[in-house]
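So you can see what is in the structure, the chains are spelled out below.
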Amino acid sequence: MSQRGTQQQGTISRVTTGMRVVDSTGAEVGTVDLVQRGDPTAVTVQAPDGVDPGSSLDELIESTAVEEPDVPADLAARLRHSGYLKVATERARTGAVYVLADRIAAVTDAGVRLDVPAAQLPEEE
């Protein structure tokens, strides 16, 4: 793991559920609902060539219905790889946004400070 990756994992390991989250402008985003450390071995899952993914779409939807993170597959793979926070917020119509571990600027007793504005955080689907 790179030094930056190790640093990100150290930062995210200090985050606990219920912590207050503020964005880069100091605006309140919400509270941490889920902390997921990164898995550098996480990979994207793709159907083998020649397989019609539509034939088992209902099965696929059922198997991923409650999976976290609830975002498009490419973003989900990035979140799983780097680690992420799920933040309960009133700013999103779905009630939650996701924060990549590398978007955490600092973790203090006061909470989690991000290095991006809340508007740039992906919403739960």
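Since we're looking at a predicted model, the values are computed, not measured.

Chemist: Where do I start with the pairing of strand β6 (residues 111–114) in this structure?
Modeler: In the case of a regular strand, side chains alternate between the two sheet surfaces. Here strand β1 (residues 20–22) pairs with β6 via 2 bridges, running parallel. Note that in β6 the partner of V21 across the bridge is V112. In this structure, the hairpin formed by strand β5 (residues 104–108) and β6 is closed by a connection of 2 residues.

Chemist: Hey, could you run me through the sheet that holds β1 in this one?
Modeler: Sheets are built from strands paired through backbone hydrogen bonds, the pairs being either parallel or antiparallel. With mixed pairing, the 6 strands of this open sheet are ordered in space as β4-β3-β2-β1-β6-β5. In this open sheet, the two strands that pair with only one neighbour each are β4 (96–100) and β5. Neighbour-to-neighbour, the strand axes of this sheet turn through a mean angle of 35°, independent of strand direction. Looking at chain direction, strand β2 (residues 28–37) and strand β3 (residues 83–88) are connected through 6 bridges and run antiparallel. For Q36, the partnering residue across the bridge sits in β3 and is Y84.

Chemist: When you look at the environment of E68 in this model, what are you seeing that I'm missing?
Modeler: Topologically, E68 is positioned in the loop between α2 (57–64) and α3 (73–82). For E68, a relative accessible area of 26% corresponds to the partly exposed category. Excluding residues that lie within four positions of it along the chain, E68 makes contacts with L34, R80, Y84, K86, Y98 and E124. Reaching out from E68, the side chain makes a polar contact with the side chain of Y98 at a distance of 2.4 Å.

Chemist: I would appreciate a short explanation of the confidence of the model for the chain in the present structure.
Modeler: Per-residue pLDDT for the chain has a mean of 83; in total, 74% of the residues score no lower than 70. Below a pLDDT of 50 lies the segment residues 47–51, which in the model reaches 1 contact outside its immediate sequence neighbourhood of four places, other chains included.

Definitions and limits used
- Per chain, residue numbering runs from 1 following the sequence as it is written.
- Local features are withheld for residues below a pLDDT of 70 in this predicted model, meaning they are given only at 70 or higher, and side-chain atom pairs are given and counted only at 80 or more; totals for whole chains, interfaces and linings count all residues.
- Just so you know, side-chain values use all the structure's heavy atoms and leave hydrogens and water out.
- Only when DSSP finds a minimum of two bridges between them are two strands counted as paired.
- Going along the chain from the N terminus, every DSSP run of H or I of four or more residues is numbered as a helix, and every run of E of two or more is numbered as a strand.
- Axis definition: a line fit to C-alpha positions, over the contact stretch in the case of helices; interaxial angles, taken between N-to-C directions, run 0 to 180 degrees.
- The rule is simple: take the accessible area with a 1.4 Å probe, protein chains only, and divide by the maximum for that residue type; under 20% is buried, over 50% is exposed, in between is partly exposed.
- The contact rule is simple, with two residues in contact once any of their heavy atoms fall within 4.5 Å.
- For this analysis, a polar contact is any N or O atom pair within 3.5 Å, provided that within protein one partner can donate a hydrogen and the other can accept it, and provided that sequence-adjacent residues contribute only side-chain to side-chain pairs.
- You can read pLDDT as the predictor saying how much it trusts each residue, on a scale of 0 to 100.

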